[in-house]
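So the chains spell out like this:
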Amino acid sequence: RAKRDGRATARFFETGMDACSQARRALEIDLRRALVLDQFELVYQPQMDLDSDRLVGCEALIRWHHPTRGTVSPAEFIPLAEEIGLIVPIGEWVLRTACREAARWPGDVTVAVNLSPAQFRSPALVGAVASALAAAGLAPGRLELEITEGLLLQESQANIDTLNALRALGPRIAMDDFGTGYASLSSLRAFPFDRIKIDRSFVSGPKAERDAMAVVRAIASLGATYGMTTIAEGVETPEQMRDIRSEGCTAVQGYHIGRPMPAAAIARLFADQADTAARSFDPQHSEP
Ligand code: C2E
Ligand code: MG
Ligand code: MG
Ligand code: MG
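To keep things clear, this report deals only with the structure shown in the data block. (Residues numbered from 1 in each chain as written. Chains lettered and ligands numbered in written order. Predicted model: local features only at pLDDT ≥ 70, side-chain atom pairs only at ≥ 80, totals over all residues. Heavy atoms only, no water.)

### Some points on the pairing of strand S7 (residues 195-198)
Piece 1. Burial of S7 is two-sided: the residues Arg 195 and Lys 197 facing one way and the residues Ile 196 and Ile 198 facing the other way are all buried.
Piece 2. Pairing between strand S6 (residues 172-178) and S7: three bridges, direction parallel. If you follow Phe 178 over to S7, its bridge partner there is Ile 198.
Piece 3. Pairing geometry for S7 and strand S8 (residues 229-232), over four bridges, is parallel. Residue pairing across strands places Arg 195 opposite Thr 229, the latter belonging to S8. (Buried < 20%, exposed > 50% of the residue type's maximum accessible area, 1.4 Å probe, protein only. Helix = DSSP H or I, 4+ residues; strand = E, 2+ residues; numbered from the N terminus. Pairing = 2+ DSSP bridges.)

Take a look at the structure:
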């Protein structure tokens, strides 16, 4: 029978452990080995600028290819990684991998990386960003760091200091999932963001009805007021794209533009776009 004291919970698969905590425990053991076993992959979702209709960057999204469970969603394992202290090494792997990949893309195409709250609070973060940029030889302005507003519930001096230290290195800072938390408006004033990502619940979620577009419009104009660009997440249809465009957002991301895809595929997409642009300026290469 499972004991109720702390020591008992540290034992693996104790007979009385409920099915749920056993499953969690098993996932935890696997997660601890996933980095060395090279089971993580980054996929990249394109972002399109609405002024030029060109792909100007992408967001890196982590995938865990588990040998028996298949692909595990980050929504499932990132919170676990945070809890058991694995988010720092996993986050460093994400930063290094995304910067290395982005350094191969043409022009000034950007890559956005998600930072989780525990990673943001880690004293190792600023150094990890600097060394990922240096190792890849990536221009710092081509990296964007996404943080969620939940993180900024306390407008503590420590948080402001971390944001300023990150900015001093050169990356852009984006506020992810904007509009879903409670701190949205006040944190826009307190923190120096470059970009607001409008949460997809306002764009294509079940609640995205007529007045959701009014929210999108309000956020776009708020962004303009603070000198921040706005990108709408979760654009799934041509209609949503048209609506978003008319509300004054700067950019869009979503299945309608492109699904998250492996590194080789996004590299090809950016290269093709650069080729097309080069051909259209070069009469030698135009079709006969
Ligand atoms: P997020 O940063 O808000 O990422 C956007 C999520 O929306 C991604 O889910 C993406 O696949 C999904 N998405 C994109 N376009 C559409 C669309 O048109 N419709 C719908 N329904 N969904 C769309 P994903 O990849 O499962 O990631 C979920 C969350 O996990 C992310 O939300 C982010 O918070 C976290 N995450 C992902 N990768 C990382 C990472 O490398 N580090 C950290 N700390 N968190 C990560
Ligand atoms: Mg994100
Ligand atoms: Mg988001
Ligand atoms: Mg999200």
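Additional details are given in the paragraphs that follow.
### Some details on the coordination of the magnesium ion (ligand 2)
Ideal geometry at a metal centre: 109.5 degrees between donors when four sit tetrahedrally, and 90 or 180 degrees when six sit octahedrally.
Piece 1. All of the protein donors around the magnesium ion (ligand 2) are Glu 59 (OE), Asn 114 (OD1), Glu 146 (OE) and Asp 176 (OD); their distances to the metal are 2.0 to 2.2 Å.
Piece 2. Sequence positions of the residues that donate to the magnesium ion (ligand 2) give the spacing E-x54-N-x31-E-x29-D.
Piece 3. Separation of the magnesium ion (ligand 2) from the magnesium ion (ligand 3) amounts to 3.9 Å, with Asp 176 serving as a shared donor to the pair. Highlighted residues: Glu 59 in strand S2 (residues 55-66) and Asp 176 in strand S6, separated in sequence by 117 residues. Here Glu 59 and Asp 176 have matching classes, each one buried. (Donors = N, O, S within 2.8 Å, 3.2 Å for Na, K, Ca; no water.)

### Observations regarding the side chain of Arg 142
Piece 1. For Arg 142, the location among the structural elements is in the loop between helix H6 (125-136) and strand S5 (143-148).
Piece 2. Nearest to the buried, unbridged Arg 142 among oppositely charged side chains is Asp 108, at 6.6 Å.
Piece 3. From its side chain, Arg 142 meets the backbone oxygen of Ala 102 in a polar contact 2.9 Å long.
Piece 4. Setting aside its immediate chain neighbours within four residues, Arg 142 contacts Ala 102, Trp 105, Pro 106, Gly 107, Asp 108, Val 109, Thr 110 and Val 111. (Lys, Arg positive; Asp, Glu negative; His and termini not counted. Salt bridge = Lys/Arg side-chain N within 4 Å of Asp/Glu carboxyl O. Polar contact = N/O pair within 3.5 Å; in protein donor to acceptor, adjacent residues only side chain to side chain. Contact = heavy atoms within 4.5 Å.)

### Re the packing of helix H2 (residues 19-34) against helix H3 (residues 74-83)
Piece 1. Relative to each other, H2 and H3 sit at 80°, their axes nearing to 11 Å. One finds that H2 runs roughly perpendicular with respect to H3. In this structure, H2 uses Arg 24, Leu 27, Glu 28 and Leu 31 to contact H3, whose residues at the interface are Glu 76, Phe 77, Leu 80, Ala 81 and Glu 83. (Axes fitted to C-alpha atoms, helices over the stretch in contact; angles between N-to-C directions. Parallel < 35°, antiparallel > 145°, perpendicular 65-115°, else oblique.)

### Side note on unusual backbone geometry
Piece 1. Within the chain, Asp 38 stands out as a residue other than glycine whose phi angle is a positive 60°.
Piece 2. Along the chain, the position of Asp 38 falls in the loop between H2 and strand S1 (40-49).
Piece 3. Taking the relative accessible area as the measure of exposure, Asp 38 reaches 58% and is therefore exposed.
Piece 4. The backbone phi angle of Asp 53 is positive, close to 55°, even though this residue is not glycine.
Piece 5. When its relative accessible area of 42% is taken as the criterion, Asp 53 is described as partly exposed.

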